[in-house]
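# An overview of the molecular structure
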Amino acid sequence: MTGCLLVVGAMPAFAVEPISGYEFLTEETRAMQDDDFENPGMVTVDEGQRLFQEHRPDEEHACASCHGADGEKLDTKRIAGYPDFDPNLGGLVTLQEKINHCWEINMDRFPLTYDHPDLISLETYVRNRAKGEAINIITDGPMAKLLKKGEALYKTRYGQLNMSCNHCHIQHQGLMLRGQKLSQGQANGFPEYRLGRGRITSLHQRMRECFISFRAEPFDAGSEPFRLIELYLMSRGNGLEIETPAVRF
Ligand code: HEC
Ligand code: HEC
């Protein structure tokens with residue numbers, strides 16, 4: 001009977017039906033996200049589209065040659081399933097890693113570093129193609145063990161304040177913290193546009209900011225712990241619609 005319940009230490013069990021960060025926004029910010037002409041994250045979608053269609057003179061392919069000029073041949077259901085498990089790619093694969101893999105193997109380019117601005121733009125473009133698709137992360141088979149690891153990292157206490165992700169985003173969701181309402185910390189809108197920062201932000205950059213906000217030493221972008229936490233976050237959001245590019249504070 002624990003299917004839809006989560007027990008947090010000695011806390012009483014409560015439902016963990018996923019709620020998008022969108023539900024915690026003001027009317028104005030929601031309207032901004034909903035309108036492609038107002039949504040400042042669409043600039044990054046456009047930049048991603050440019051890279052996606054770019055055909056370099058000395059190269060055989062653009063991304064678009066295999067996936068369609070507007071990405072119409074991309075499998076949006078599969079995009080909603082990232083991070084994915086692929087034994088041929090060493091197990092856990094984030095969407096950024098999949099894109100980087102195509103970049104390297106199918107286009108013969110030198111791979112980009114994790115969170116390179118071009119990768120974030122391509123990720124924003126690709127995930128925007130799957131906007132409205134329900135997140136659907138595999139949770140069984142070889143993924144089950146990885147999810148356990150991700151969950152353990154999520155519940156680990158870090159830094160001098162001795163806090164875990166769990167403290168703010170599960171136990172205290174809905175409370176105000178420094179003028180912001182604590183959401184569940186869902187990942188369905190990434191990469192997302194941050195009004196307070198005035199820029200697009202990848203999920204690993206966001207997690208880094210959370211670590212710094214509770215004065216703990218963050219892991220590196222693309223590191224094993226961040227990829228495992230990403231997996232856990234995305235699976236917690238199974239069923240939520242992809243909102244990329246979401247608009248958040
Ligand atoms: C030579 C053809 C080719 C090129 C060029 C190519 N890809 Fe792919 N890509 C594939 C194939 C085939 C698959 C599906 C099979 C697989 O999983 O490897 C795929 C899978 C993907 C997926 C997973 C979702 C899906 O539809 O299966 C994404 C996302 C993706 N590619 C993005 C890109 C991006 C972005 C670029 C440019 C940087 C790119 N690809 C370049 C052939 C290509
Ligand atoms: C001290 C409290 C605190 C802790 C601990 C914390 N966060 Fe956050 N986090 C915030 C605040 C504040 C925001 C912005 C408002 C919101 O969406 O909750 C945020 C936002 C987020 C978001 C973006 C949500 C969205 O809808 O865009 C993600 C993802 C996230 N946090 C993940 C994490 C992860 C992973 C950890 C553990 C490493 C963590 N947070 C720990 C305070 C915290």
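Given the structure is predicted, the values throughout are model-derived calculations rather than measurements. (Residues numbered from 1 in each chain as written. Chains lettered and ligands numbered in written order. Predicted model: local features only at pLDDT ≥ 70, side-chain atom pairs only at ≥ 80, totals over all residues. Heavy atoms only, no water.)

### Here we look at the overall build of the protein chain
Under the convention used in this document: Strands here are runs of E lasting at least two residues and helices are runs of H or I lasting at least four, both read from the DSSP assignment and numbered beginning at the N terminus. With the radius of gyration taken over C-alpha atoms, the globule rule is written as 2.2 Å times the number of residues to the power 0.38. Contacts were defined at the residue level, with two residues in contact if any of their heavy atoms lie within 4.5 Å. Accessible surface area values rest on a Shrake-Rupley calculation with a 1.4 Å probe, where residue burial reflects the displayed protein chains alone. Residues scored as charged are limited to Lys and Arg (positive) and Asp and Glu (negative), so that His and the chain ends carry no count. Taken as the charge centre is NZ of Lys, CZ of Arg, CG of Asp or CD of Glu, depending on the residue.
The helix and strand inventory of the protein chain stands at ten helices and nine strands. For a compact globule of 249 residues, the expected C-alpha radius of gyration is about 18 Å, and the protein chain comes in at 18 Å, within 12% of that figure. Taking the principal axes of the C-alpha coordinates as reference, the protein chain spans close to 60 × 45 × 35 Å. Across the protein chain, every contact between residues at least 6 apart in sequence was considered, and the portion connecting residues at least 24 apart equals 64%. Carbon together with sulfur atoms contributes 53% to the accessible area of the protein chain, which is approximately 12,800 Å² in total. Across the protein chain, the mean location of the 27 positive side-chain charges is 8 Å away from that of the 36 negative side-chain charges.

### Let's talk about the coordination of the iron atom of ligand 1
Basically, it comes down to this: Only nitrogen, oxygen and sulfur atoms count as donors, using a 2.8 Å cut-off from the metal that widens to 3.2 Å for Na, K and Ca. Water is left out, so coordination shells may look unfilled. For a four-donor site, all angles between 85 and 135 degrees give tetrahedral; for four or six donors, opposite pairs above 155 degrees with the remaining angles between 65 and 115 give square planar or octahedral; all remaining cases count as irregular. Note on classification: 1.4 Å probe, protein chains only; a residue is buried when its accessible area is under 20% of the maximum for its type, exposed when over 50%, partly exposed between these limits.
The coordination sphere of the iron atom of ligand 1, as far as protein atoms go, consists of His67 (NE2) and Cys102 (SG), spread over 2.0 to 2.3 Å. Of note is the iron atom of ligand 1, whose six donor atoms meet at the metal with angles of 87 to 178° in an arrangement that counts as octahedral. Pair noted here: His67 is in helix 3 (residues 63-67) and Cys102 is in helix 5 (residues 95-106), with a separation of 35 residues, a long-range link. On the accessibility criterion, His67 (24% relative accessible area) is partly exposed.

### Concerning unusual backbone geometry
Residues Tyr82 and Pro83 are joined by a peptide bond in cis, for which omega reads 0°. As for its placement among the helices and strands, Pro83 is situated in the loop between helix 4 (76-79) and strand 3 (84-86). The omega torsion across Phe190 and Pro191 is -15°, close enough to zero to call that bond cis. Positionally, Pro191 belongs in the loop between strand 6 (180-181) and strand 7 (192-194).

### Here we look at the coordination of the iron atom of ligand 2
At this site the iron atom of ligand 2 is bound by His169 (NE2) and Cys210 (SG), with donor distances of 2.0 to 2.2 Å. Here the iron atom of ligand 2 binds six donor atoms, and the angle range of 86 to 178° at the metal identifies the geometry as octahedral. Of the two residues, His169 is situated in helix 8 (residues 165-171) and Cys210 in helix 9 (residues 203-213); the sequence distance between them amounts to 41 residues. Residue Cys210 is classed as partly exposed on the basis of its relative accessible area of 21%.

### Notes on the site of ligand 1
Selection rule: A cutoff of 4 Å decides nearness: a residue is near a molecule or strand if any of its heavy atoms lies inside that distance of it. In protein, a polar contact means a hydrogen-donor-capable atom and an acceptor-capable atom, both N or O and within 3.5 Å, with residues adjacent in sequence counting only if both atoms are side-chain atoms; elsewhere, any N or O pair within 3.5 Å suffices. Throughout, the ten residues Ala, Val, Leu, Ile, Met, Phe, Trp, Tyr, Cys and Pro are labelled nonpolar, Asp, Glu, Lys and Arg are labelled charged, and all others, Gly among them, are labelled polar.
Near ligand 1 you find 18 residues, and of these Cys63, Cys66, His67, Lys98 and Cys102 are the closest. Taking Arg78, its side chain carries an N or O atom lying 3.3 Å from an oxygen atom of ligand 1. A distance of 2.7 Å separates an oxygen atom of ligand 1 from a polar atom in the side chain of Lys98. Sorting the residues of the shell around ligand 1 by element identifies helix 3 and helix 5 as the ones contributing at least two each. With six residues, helix 5 is the single largest residue contributor to the shell around ligand 1. Its residues assigned to classes, the shell around ligand 1 comprises twelve nonpolar, three polar and three charged.

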